[in-house]
Amino acid sequence: MKPDVNEALRYLGAQNAPENLRRQTAEMAENLASAIQPRYTYKVYGLEFLPGGIALRGTNVVLTGVSATKMLAECQQAALLACTLGTVFDRRLAVFQARDMAKAVLCDACGSAFVEAGCDAAGAELAARFPDRYLTDRFSPGYGDLPLSLQPDICDALDASRRLGLYVTESLLLNPAKSVTAVIGLSDRPQKARIRGCACCSMRDTCALRKGGKNCAI
């Protein structure tokens, strides 16, 4: 598995990158892939639709807000997913930050693309395990109105600290830094792509890409 170079360039805000930048990004992607691979874990749970949100049976996770309701309206189950590049990536990024900030920026973008590739691989594995089910878009705390406060309960449900070395900080960020938690619904009927565009993202008011008139193509 390798980071998607085009995805990394989107994180850089350089979709129309000159050949030299594209080559440097590809080299960084190869460098990372030779030393690091995303690790992930997921579990599938039954759903219980409550007045205050959607509960995942057997966990403390209750998905609140309009986004989750729309995404899971036709689902009978949902998977919780966690994916990380681990502390090896964090150490590698720190070295670049101390020695060469241009390479650090490339490394950070490729890391973001790499953890997304890991999530895609987990989604593909989930789809293969449940070939008779239809998956929703993957959506994470922080997107739409799904709160970041769900991070601890999601990580506890997945035993992510033991399985992946993944922790939640007091500010509800994930550590190691290049880590993602997400929810994927499973339904017995085809699902529309529902989460697209800046309007669905909680970062829309602070996103550097959006301020520059660009987007990350989510």
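What comes next concerns the included structure. Only a predicted model underlies this, so the values are computations on that prediction, with no experimental measurement involved.

Helix and strand content of the protein chain: eight helices and eight strands. Residue pairs in contact within the protein chain that sit at least 24 positions apart in sequence constitute 73% of those at least 6 positions apart.

Reading across the sheet, the six strands line up as S3-S2-S1-S4-S8-S5 and stay open at both edges, with antiparallel pairing between neighbours. Only two strands of the sheet have a single partner each, and these edge strands are strand S3 (62-63) and strand S5 (134-139). Direction of pairing for S5 relative to strand S8 (residues 179-187): antiparallel, over a ladder of four bridges. Bridge pairing in S8 links Leu-135 to Leu-186. Where helix H6 (residues 151-158) meets the sheet, it contacts strand S1 (39-50), strand S4 (75-84) and S8, and its direction lies at approximately 110° from that of S1.

Looking now at the pattern of salt bridges. Under the criterion given, the structure shown has seven salt bridges. When the shortest N-O distance is used, the salt bridge between Glu-7 and Arg-10 registers 2.4 Å. Of this pair, Glu-7 and Arg-10 both sit in helix H1 (residues 5-11), separated by three residues, roughly a single helical turn. The exposure class of Glu-7 is buried, given its relative accessible area of 18%. Taking relative accessible area as the criterion, Arg-10 reaches 22% and is therefore assigned partly exposed. Linking Arg-138 and Glu-116 is a salt bridge whose minimum nitrogen-to-oxygen distance equals 2.7 Å. Placement of Arg-138 in strand S5 and of Glu-116 in helix H5 (residues 101-129) is noted, with a sequence separation of 22 residues between them. For Arg-138, a relative accessible area of 26% translates into the label partly exposed. Taken together, the salt bridges that share partners define one network made up of Glu-116, Asp-120 and Arg-138.

Another point: helix H2 (residues 19-35). Between its first and last C-alpha atoms H2 spans 25 Å; for 17 residues at 1.5 Å apiece the expected length is 24 Å, and the two agree. If you check which residues of H2 are buried, you get Thr-25, Met-28, Ala-29, Leu-32 and Ala-33. Projection of H2 onto a plane perpendicular to its axis shows the buried side chains occupying an angular sector of 135°, all on one side. Away from the buried face of H2 by more than 90 degrees, exposed residues Glu-19 and Ser-34 are located.

Here we come to the side chain of Ser-179. Within the secondary structure, Ser-179 sits in strand S8. The exposure class assigned to Ser-179 is buried, which follows from its relative accessible area of 11%. Of the polar contacts made by the side chain of Ser-179, one reaches the side chain of Thr-84; its length is 2.7 Å. Here the side chain of Ser-179 touches Pro-176 through a polar contact of 2.7 Å, landing on its backbone oxygen. Discounting chain neighbours no more than four positions away, the residues touching Ser-179 are Cys-83, Thr-84, Val-115, Leu-166 and Leu-174.

The rules behind these values
Residues numbered from 1 in each chain as written. Predicted model: local features only at pLDDT ≥ 70, side-chain atom pairs only at ≥ 80, totals over all residues. Heavy atoms only, no water. Helix = DSSP H or I, 4+ residues; strand = E, 2+ residues; numbered from the N terminus. Contact = heavy atoms within 4.5 Å. Pairing = 2+ DSSP bridges. Axes fitted to C-alpha atoms, helices over the stretch in contact; angles between N-to-C directions. Salt bridge = Lys/Arg side-chain N within 4 Å of Asp/Glu carboxyl O. Buried < 20%, exposed > 50% of the residue type's maximum accessible area, 1.4 Å probe, protein only. Expected span 1.5 Å × (residues − 1). Arc of directions from axis to C-beta. Polar contact = N/O pair within 3.5 Å; in protein donor to acceptor, adjacent residues only side chain to side chain.

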